[in-house]
Amino acid sequence: MATLFRAPAARAMKSLDKSLFFKVLPTSAALVSQNTLLSRYRKALEKSEELIQVEKFSPIAPHPDPEAAKAGKKCLVLKPSVDPASPETWSSVLRKGSEDGEVEIIPYQADFDYTYWRYLDIMKSILPEELHDEIPSGFNTAGHVAHLNLREQYLPYKEVIGQIIIDKNPAVKTVINKIDDVGTANEFRTFNYEVLAGADDLVVEVTEADCVFKFDYSRVYWNSKLSNEHQRLIDIFKPGEVVADVMAGIGPFAVPAGKKGVFVWANDKNPESYKYLETAIVRNKVSEFVRPFNHDGHSFIRDAADSVLEASKRKEHAVIKPPKPSRKAPPPKSPPSNILIPVPPTISHFVMNLPASALEFLHNFRGLYFGNEELFAPHTKTQLPLVHAHCFAPKLNDDTTYAEILERIEKEIGVALQHGDGEKEGQCSIIEVRDVAPNKRMFCASFRLPAKVAFAPRV
Ligand SMILES: C[S@@+](CC[C@H](N)C(=O)[O-])C[C@H]1O[C@@H](n2cnc3c(N)ncnc32)[C@H](O)[C@@H]1O
C-alpha cells in the first residue's frame, strides 16, 4: 500500500511541473443502491478494513457514471485488495450487501493529483536520494513570509522548494532564502535575502502574546522561535515594576510586559526597530507603560537608571481608566476616578537580548546606582536589579559551558559569580534558550547586580 501511494518520481526537477504528479491507482469501489446507506456501509467497511484510508483522500467519491453522479449518487472507494471479479476477496459485509442488492462492487480508478501530495512526498520525488535526509522543513516564518537558510546542496532546487512551500502552506505567500550570516556581519541582526517564490513583500503582521506587530522583516530583527523565551521573562516581571530592555527590537518583551502593567524603558539602536516599536506601542495601547528609546545600549544602561529615578521624582505615573460599570450594576454615587500607578524610583530588571555581544555591555553596570545606596536594602526593601543577559556559547558539557560564561561576565563586571540561583547576590542562573547551530547554543544568564558593581564610582 505504502509504495502505491508514493508520489510519482520527478527527479531533478528544477522548475515545477505539477502535471507530473498525477497518478492513477486502479482499485475498486462499492456502489451503494441508496445514498442513505452510505454512512452505515462506510462504518462497516472501515471496520472490515476494506475502505481506502489515505490521508487527505476522501473514500466517498461521486458515482463513476456521470449521469448517476449528476443525480448525486456516490460510491465508497475500496482498497486494491478487494477484487470485483473474485467474491472470495470480499468480507462478509460486501458479500451480504451484494446478496441483498444494496451494494455492487465495480472496478474503479482513484486519481491523485499535485494537490493530494504532501510537501515531503513531493520533495522526495524531486530530490536525488542523497538529499532526502535533510529536506528543508521546520523553517522560520514571520506572518506570510517563510524564511529558509538553504544549504548549498539544495540551492539548485531553490525555486521549486519555494513554490512547493507556498502551495502546501496556505498562510505562506512569500518564501525567502537568507544569503549572509546574521550576527557576524550586521549589527542590527537583519539579513540579506533573495525571494524564491511569491511577491517581494516583506511587510508582515504577527501576533505574539496577544500583541500585534507590523514590520518590514528585511529591516528589523524578528524570530518567532523566541516566543517562549519572551514569555518566560515576561512572566517574571511584576506589574508596577520597571524593566529596562536594552536591545528591545520591535518590542516582543516590552509590549506584552506593558500590557500587564509593567513599566518598560525600551531601547534599540536600529532606527527602523525604534520606528516599529513606536507603532507597536500605540497599536497595542501600552503608551502609559512603555517608553521607546533609540540609543546605543552601552550608554542607555546608566541613562535608563537615571531617567527612571528622575521620572519617579517628578511623580510621573501611568493613568488607568476605571473599568466601565456593568449596565446591570446600580449607578455609582460619584463617577469612578482614574487609577494612578506611580513610576518607582528603581529598575527591577534589565533585559539584554543581543546574544552575539550582550555580555560585552556588562561593564556599563559599574556605578549604575553610585550615590543612590539609600534607595536599596538595607535602607529600603528594594533589591538591586536582576540582569538577564543572553549569550551564545559552544555546545560543551554543562560545567565547562557555565564556567566559560561566568568568566566572560567576571571580565566585564569585575566580580566572580557562582553558578546557582540568580536571585541571590553572588550567584548566576544560566538557562539554555535554544539550539542555534550544530555547535552553538543560546543561553540566558541572570544575576542580581552585585552591590560592589552597582555602587562603584562611575568612570
Ligand atoms: C537579537 S535582536 C533581539 C531583539 C528583541 N529583544 C527580540 O527578542 O526580538 C538584538 C537587537 O539588538 C539591537 N542592537 C544591536 N546593537 C545594539 C546596540 N549597540 N544598542 C542597542 N541595541 C542594539 C538590534 O538592532 C536588534 O534589534
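Residues numbered from 1 in each chain as written. Predicted model: local features only at pLDDT ≥ 70, side-chain atom pairs only at ≥ 80, totals over all residues. Heavy atoms only, no water.

## Examining the overall build of the protein
Reasoning step 1: Helix and strand counts for the protein stand at eleven helices and 20 strands.
Reasoning step 2: Against the globule reference of 23 Å for 459 residues, the protein gives a C-alpha radius of gyration of 31 Å, more extended than a compact globule.
Reasoning step 3: Its C-alpha atoms give the protein principal-axis dimensions of about 95 × 70 × 40 Å.
Reasoning step 4: Taken across its 459 residues, the protein has 47% of its residues classed as buried. (Helix = DSSP H or I, 4+ residues; strand = E, 2+ residues; numbered from the N terminus. Rg over C-alpha atoms; globule rule 2.2 N^0.38 Å. Buried < 20%, exposed > 50% of the residue type's maximum accessible area, 1.4 Å probe, protein only.)

## Digging into the environment of Val 24
Reasoning step 1: On the secondary structure map, Val 24 appears in strand E1 (residues 23–32).
Reasoning step 2: Of the residues examined, Val 24 reaches a relative accessible area of 36% and is grouped as partly exposed.
Reasoning step 3: Placed 88 residues apart in sequence, Val 24 and Phe 112 show a C-alpha to C-alpha distance of 6.2 Å.

## Some remarks on the sheet that holds strand E18 (residues 418–419)
Reasoning step 1: Pairing in this open sheet of eight strands is mixed, and the strands run E13-E12-E11-E16-E17-E20-E19-E18 from one edge to the other. Both outer strands of the open sheet, strand E13 (290–293) and E18, are each paired with one neighbouring strand and no more.
Reasoning step 2: The sheet contact formed by strand E17 (residues 386–393) and strand E20 (residues 440–448) spans eight bridges and is antiparallel. Opposite Leu 386, over in E20, you have Arg 448 as the bridge partner.
Reasoning step 3: This element, helix H6 (residues 227–236), spans strand E16 (349–352), E17, strand E19 (427–437) and E20 of the sheet and lies at about 165 degrees to E17.
Reasoning step 4: Here helix H9 (residues 297–313) sits on the sheet and contacts strand E11 (242–245), strand E12 (263–267), E13 and E16; the angle it forms with E12, its principal contact strand, is near 150 degrees. (Pairing = 2+ DSSP bridges. Contact = heavy atoms within 4.5 Å. Axes fitted to C-alpha atoms, helices over the stretch in contact; angles between N-to-C directions.)

## Digging into the pattern of salt bridges
Reasoning step 1: Counting across every chain of the model gives 21 salt bridges.
Reasoning step 2: For Glu 229, the salt bridge identified is with Arg 232, shortest N-O distance 2.8 Å. Taken together, the residues Glu 229 and Arg 232, both in helix H6 and three residues apart, mark about one turn of the helix.
Reasoning step 3: According to the relative accessible area criterion, Glu 229 is buried, its value standing at 6%.
Reasoning step 4: For Arg 232, a relative accessible area of 24% corresponds to the partly exposed category.
Reasoning step 5: Three or more residues joined by partner-sharing salt bridges are found here, namely Glu 187, Lys 269 and Asp 296. (Salt bridge = Lys/Arg side-chain N within 4 Å of Asp/Glu carboxyl O.)

## Comments concerning the state of the cysteines
Reasoning step 1: Evaluated as defined, the whole model comprises zero disulfides.
Reasoning step 2: Cys 444 takes part in no disulfide bond, and the closest cysteine sulfur to it belongs to Cys 391, at a distance of 8.0 Å. (Disulfide = S-S within 2.5 Å.)

## Quick look at the side chain of Glu 412
Reasoning step 1: Along the chain, Glu 412 turns up in helix H10 (residues 398–413).
Reasoning step 2: Buried and unpaired, Glu 412 has no salt bridge, with Lys 411 as the nearest side chain of opposite charge at 5.1 Å.
Reasoning step 3: Ignoring any residue separated from it by four or fewer positions in sequence, one finds Glu 412 in contact with Leu 359, Glu 360, Leu 362 and His 363. (Lys, Arg positive; Asp, Glu negative; His and termini not counted.)

## A look at the site of the ligand
Reasoning step 1: Around the ligand, a shell composed of 22 residues is seen, among which His 230, Met 247, Asp 268, Gly 297 and Asn 353 lie nearest.
Reasoning step 2: Within the contact set of the ligand, a nitrogen atom lies 2.8 Å away from a backbone nitrogen or oxygen of Met 247.
Reasoning step 3: Backbone polar atom of Lys 269 to a nitrogen atom of the ligand: 3.3 Å apart, as the coordinates give it.
Reasoning step 4: For the ligand, whose accessible area on its own is 590 Å², the fraction buried by protein is 98%. (Near = heavy atom within 4 Å. Polar contact = N/O pair within 3.5 Å; in protein donor to acceptor, adjacent residues only side chain to side chain. Areas by Shrake-Rupley, 256 points an atom, 1.4 Å probe, with all protein chains shown as cover.)

## A short note on the packing of helix H1 (residues 38–47) against helix H3 (residues 92–99)
Reasoning step 1: Where H1 meets H3, the axes come as close as 9 Å, and the angle between the chain directions of the two elements is 145 degrees. Residues Tyr 41, Ala 44 and Leu 45 of H1 pack against Val 93, Leu 94 and Gly 97 of H3.
Reasoning step 2: Grouping the constituent residues of the contact of H1 with H3 by class yields five nonpolar, one polar and no charged. (Nonpolar A, V, L, I, M, F, W, Y, C, P; charged D, E, K, R; others polar.)

## A word on the UniProt feature "binding site: S-adenosyl-L-methionine" (unreviewed entry) in the protein
Reasoning step 1: Here the UniProt-annotated "binding site: S-adenosyl-L-methionine" (unreviewed entry) positions come out as His 230, Asp 296, Gly 297 and Asn 353.
Reasoning step 2: By the element assignment, His 230 lies in helix H6.
Reasoning step 3: Each residue touching His 230, except ones within four places of it in the same chain, is listed here: Glu 208, Asn 223, Pro 252 and Phe 253.
Reasoning step 4: In this structure Asn 353 touches Leu 226, Met 247, Phe 253, His 390 and Met 442, once residues within four positions along its chain are discounted. (UniProt positions renumbered as here; feature names shortened; annotations may be inferred.)

## A short note on helix H5 (residues 158–168)
Reasoning step 1: Of all the eleven residues making up H5, eight are buried; the element is thus mostly covered by neighbouring parts of the structure.
Reasoning step 2: When we look at burial in H5, the residues that qualify are Lys 158, Val 160, Ile 161, Gly 162, Ile 164, Ile 165, Ile 166 and Lys 168.
Reasoning step 3: Elements in contact with the buried residues of H5: helix H4 (119–126), strand E6 (145–148), strand E7 (174–178) and strand E8 (193–198).

## Remarks on the sheet that holds strand E5 (residues 140–142)
Reasoning step 1: A sheet is described by the order of its strands in space; here four strands give the open sequence E5-E6-E7-E8, paired in mixed fashion. Both outer strands of the open sheet, E5 and E8, are each paired with one neighbouring strand and no more. Within this sheet the neighbouring strands show an average axis-to-axis angle of 25 degrees, counted without direction.
Reasoning step 2: As paired strands, E5 and E6 are joined by three bridges and run antiparallel to one another. When the sheet's bridge partners are listed, Thr 141 is paired in E6 with Ala 146.
Reasoning step 3: Against the sheet, H5 makes contact with E6, E7 and E8, and its axis sits at roughly 55 degrees relative to E8, the strand it touches most.

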